[in-house]
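# Summary of structural features
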Amino acid sequence: MYWRVGFAWSRSCALELGLNKSFSLGLSGSEEHLSLYGYIIAYPLQEYGGIMSALGFDSWWRKTLYITGGALLAAAAYLLHELLVIRKEQELDSEDAIILHQFARPKTGAPSLSPFCLKIETYLRMADLPYQNYFDGKLSPQGKMPWIAYNKEQVFGTEFIINFLEEKLGVNLNSSLSPQEKAISRAIIKMVEEHFYWTIAYCQWVDNVEETQKMLATNGPLSDLLSWILSQVTGSIVKREMYGHGIGRFSKEEVYSLMEKDMRTLATFLGNKKYLMGPQLSTVDAAVFGHLAQAMWTLPGTRPEQLIKGEFINLAMYCERIRRKFWPEWFVDVDDLYYDGLSEEPDSPSQLPDLGLYSRSGSFQEQENSLSHHDTPSPDSDATGHSLFDSDMDTECSDMEQLK
């Protein structure tokens, strides 16, 4: 009896291990969201020309086929296990706790390859709201990530999440803004999330997909294959959605031209200010940081990195300012703030820990003390010796109290 083993999920991607012990991968357009589910198929085929009978019952070919078939079934089962994230759910204390569902941490670069996941987690830290991360990969009913659960309530979409937290918990990062400043802030957010985002996604998942694939956090003997599949599927979805948006109908050069205009707008508006709307943080900073961080730390050697670490260096200093203040466990090389055209993958990248529970209270003082003990010089100041980062580090905690 001759067997064929196959593996498939949804209609976006199908993997089949066929007659010649090789595999083929077919991608097809689909309007479905990226929800992974699947099954293993094993069905007998007819003997073609008595091939198996010619090999003999006790031949080593038959034993090899048995062993190979079993190994392929085990490998397919493991891959299915990884794709479906079949594991016992973590026991989380959901009473008065914010449960943040988002994608897993990447191996290197920023804490998330999703600008929106990084936006909402940075917002929670800016607002000093304790939360628990749940890296389950489960999408919202709208097919989006991230989303939160709070006291049995589920909220989807970053804008609705922020509105919900403002109403339920009374936090408001925009309390110091005038109505005109709030209008400007919203306009900037929409430019970044509805336009600039697509240029970054294009660079990540289409033009630079090989490097992005290396950052995906997958484990096990089939991690490379799984990373390749996920990156290719994500890339095809991004291209399809970009085309529907309209920006995907332009050439590569035109997409990067639009990216540069958006970054120039942000750099011009920021100017010499500490944050976008002035000396105090606001919601727009979380949104802009989530997107600019992708250009800063996840796209080495690409056009957006050249722009942010070169012509628009004030945006790089802005990102570093927020990183230092709200991500004490996220370490980067200060020399990496400047683009010299020789960016290479680090020999020993440091992976960001998967913090299950986070509260900014008490963490920033420790970070401040650790920074003050560094004796080695770093390019943190301009020619006059003025800090390019936070010039009022001692007053940052009091600034946060004013924002609430």
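Residues numbered from 1 in each chain as written. Predicted model: local features only at pLDDT ≥ 70, side-chain atom pairs only at ≥ 80, totals over all residues. Heavy atoms only, no water.

The subject of this paragraph is the packing of aromatic side chains. Scanning the model with the defined rule gives eight aromatic pairs in all. For the pair Trp-327 and Trp-330, a centre-to-centre distance of 6.0 Å together with 85° between the ring planes defines the contact as edge-to-face. Grouped by ring-pair contacts, the aromatic residues Phe-289, Trp-297, Trp-327 and Trp-330 constitute a single cluster. The residue whose ring lies beneath Arg-125 is Trp-327, and the NZ or CZ to ring-centre distance is 3.6 Å. Just above the ring of Tyr-243 sits the side chain of Arg-249; from NZ or CZ to the centre is 3.9 Å. (Phe/Tyr/Trp six-rings, centres within 6.5 Å; stacked < 30°, edge-to-face > 60°. Lys NZ or Arg CZ within 6 Å of the ring centre and 35° of its normal.)

Here His-291 lies in helix H9 (residues 283–297). Note on His-291: relative accessible area 0%, which makes it buried. Of the polar contacts made by the side chain of His-291, one reaches the backbone oxygen of Ala-287; its length is 2.9 Å. Contacts of His-291, omitting those with residues within four sequence positions, involve Pro-115, Phe-116, Val-192, Glu-193, Phe-196, Tyr-197 and Ile-200. (Helix = DSSP H or I, 4+ residues; strand = E, 2+ residues; numbered from the N terminus. Buried < 20%, exposed > 50% of the residue type's maximum accessible area, 1.4 Å probe, protein only. Polar contact = N/O pair within 3.5 Å; in protein donor to acceptor, adjacent residues only side chain to side chain. Contact = heavy atoms within 4.5 Å.)

Bringing helix H11 (residues 313–326) into the picture now. Across its 14 residues, H11 extends 20 Å between first and last C-alpha, which sits within 8% of the 20 Å expected from 1.5 Å per residue. For H11, a buried count of twelve out of 14 residues is recorded, marking the element as mostly surrounded by other parts of the structure. Taken together, the buried positions of H11 are Leu-315, Ala-316, Met-317, Tyr-318, Cys-319, Glu-320, Arg-321, Ile-322, Arg-323, Arg-324, Lys-325 and Phe-326. (Expected span 1.5 Å × (residues − 1).)

Before going further, it helps to examine the confidence of the model for the chain. Close inspection of predicted coordinates is inappropriate for parts of the model with low pLDDT. With 60% of its residues at a pLDDT of 70 or more, the chain has an overall mean of 74. Counting interchain partners and residues more than four positions distant, the pLDDT-below-50 stretch residues 85–91 has eight contacts. When the criterion is pLDDT under 50, residues 334–404 qualifies, and its contacts beyond four places in sequence or with other chains add up to 119 contacts. (pLDDT = per-residue confidence, 0-100.)

Let's shift gears to the nonpolar core. One finds Leu-165, Val-288, Phe-289, Leu-292, Ile-308, Leu-315 and Tyr-318 to be the most contacted residues of the largest nonpolar core, which totals 72 residues. Here this core gets eleven residues from one element, more than from any other, and that element is helix H5 (residues 179–207). In this structure, Ile-308 is in contact with Met-263, Leu-292, Ala-295, Met-296, Ile-313, Leu-315, Ala-316 and Cys-319, ignoring residues within four places of it in sequence. Listed in part, the seven residues of the second largest apolar core include Ile-99, Cys-117, Trp-147 and Ala-149. (Core = buried A, V, L, I, M, F, W, Y, C linked by side-chain atoms within 4.5 Å.)

Our focus in this paragraph is H9. Taking 1.5 Å per residue as the helical rise, H9 with its 15 residues ought to reach 21 Å, and the 21 Å between its terminal C-alpha atoms agrees with that figure. Along its length, H9 reaches its greatest deviation from straightness, about 25°, at His-291. Counting buried positions over the 15 residues of H9 gives 15, a clear majority of the element. (Bend = angle between axes of the 7 residues up to and from the residue.)

This part is about the pairing of strand S8 (residues 153–156). Judged from the four bridges that link them, strand S7 (residues 147–150) and S8 form a sheet pairing that is antiparallel. From the neighbouring strand, Trp-147 faces S8, where its bridge partner is Phe-156. A loop of two residues connects S7 with S8, the two strands running antiparallel in sequence, and Asn-151 in this loop sits at a positive phi of about 50°. (Pairing = 2+ DSSP bridges.)

Right, let's talk about the packing of helix H8 (residues 252–270) against H11 for a bit. The contact between H8 and H11 brings their axes to 9 Å, and the two run at 75°. By the angle class used here, H8 and H11 are roughly perpendicular. Across the interface between the two elements, Met-263, Leu-266, Ala-267 and Leu-270 from H8 touch Asn-314, Leu-315 and Tyr-318 from H11. For the contact of H8 with H11, the class distribution of residues is six nonpolar, one polar and no charged. (Axes fitted to C-alpha atoms, helices over the stretch in contact; angles between N-to-C directions. Parallel < 35°, antiparallel > 145°, perpendicular 65-115°, else oblique. Nonpolar A, V, L, I, M, F, W, Y, C, P; charged D, E, K, R; others polar.)

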